[in-house]
Amino acid sequence: MIDFQYKERYNIEDFRRIMALLRQPDGCPWDRVQTHESIRRNMLEEAYEAVSAINHGDMDNLREELGDLQMQILFHSRMEEEAGGFNFDDVCNEACQKLIRRHPHVFGTADAGTPEEVLQTWDAVKRQEKQQKSTGRAMADVADALPALWRAEKIQSKAAKDGFDWADAAGPREKLNEELTELDEAIAAGKGIEEELGDVLASVVNLARHLGVDPEKALGGACDRFVARYVRMEELTGDKPLSERSPDEREAYWQQAKREQQNR
């Protein structure tokens, strides 16, 4: 039996202690063998689950998911502490130092009276900290683990700050047509398809940026609509599965589900 004091309510220090107990030799067999690499995906999943709770306005679930996300931070910090690296206090210290440095309008003498000016100050300090002496270097530092649509948007936004951008949405819309033509040519030739399809997606992201649309949110919404329509199609088909229906029948069910969704 481990030496642990049960309470009605726990705090961050209790959280740290529980993680340490789980990692000790007589702790949890699963927790003891984990590495940064083995739980890498967990960090991503917990972050997405927290965002999902925000999307649905579910604050009870958000509280739980933020705890799960914090657990991942404590887990990685504890592993590093055991290895003689940083600990959770170091993580907190670095985050505090960063917030102070990047808010000179609050903790220093700089002026930033609008949210836009705050972002400009943040970006300027960040580039100085990371020694990003060029926009290209700042682009290269955008995390490659980001979802590709989000990464493309951030890279394009950095280029736009350098003036490398269209004046309005007409430019990227015309570029999308051009990229679609090149994709058709690649398909016909049977080579270069992945590259050209990537250019099409990048063009769609650029168009979304100019239209003020979050491409990740837009695609997520499309997925939600597709699932809802498909569920309705399955309801409409009755006892006979969709797979056993003719293409014309499936199309008719799809169009009915679409009309019902649009009329809500």
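Structure shown above.
Calculation notes
Residues numbered from 1 in each chain as written. Predicted model: local features only at pLDDT ≥ 70, side-chain atom pairs only at ≥ 80, totals over all residues. Heavy atoms only, no water. Salt bridge = Lys/Arg side-chain N within 4 Å of Asp/Glu carboxyl O. Helix = DSSP H or I, 4+ residues; strand = E, 2+ residues; numbered from the N terminus. Buried < 20%, exposed > 50% of the residue type's maximum accessible area, 1.4 Å probe, protein only. Polar contact = N/O pair within 3.5 Å; in protein donor to acceptor, adjacent residues only side chain to side chain. Contact = heavy atoms within 4.5 Å.

Engineer: Tell me about the pattern of salt bridges, and name the residues and values.
Structural biologist: A complete count under the given rule lists 18 salt bridges for this structure. A salt bridge links Glu 235 to Arg 232; the nearest nitrogen and oxygen atoms lie 3.1 Å apart. With a gap of three residues between them, Glu 235 and Arg 232 both fall in helix α12 (residues 215-236), about one helical turn apart. For Arg 232, a relative accessible area of 24% gives the class partly exposed. Salt bridges here are not isolated pairs; linked through shared partners, they connect Arg 23, Arg 78, Glu 81 and Glu 82.

Engineer: Before we move on, can you summarise unusual backbone geometry with the specific residues and values?
Structural biologist: Phi angles above zero are rare outside glycine, and Gln 131 is one such case at about 55°. In this fold, Gln 131 is placed in the loop between α7 (115-129) and α8 (135-140). Residue Gln 131 is classed as exposed on the basis of its relative accessible area, which comes to 62%.

Engineer: If you had to explain the side chain of Gln 34 to someone new, which residues and values would you point to?
Structural biologist: Mapped onto the fold, Gln 34 is located in the loop between α2 (29-33) and α3 (40-55). Only 2.9 Å separates the side chain of Gln 34 from the backbone oxygen of Trp 30, close enough to count as a polar contact. If we ignore the near neighbours within four places in the chain, the residues touching Gln 34 are Arg 23, Ile 39, Phe 75 and Met 79.

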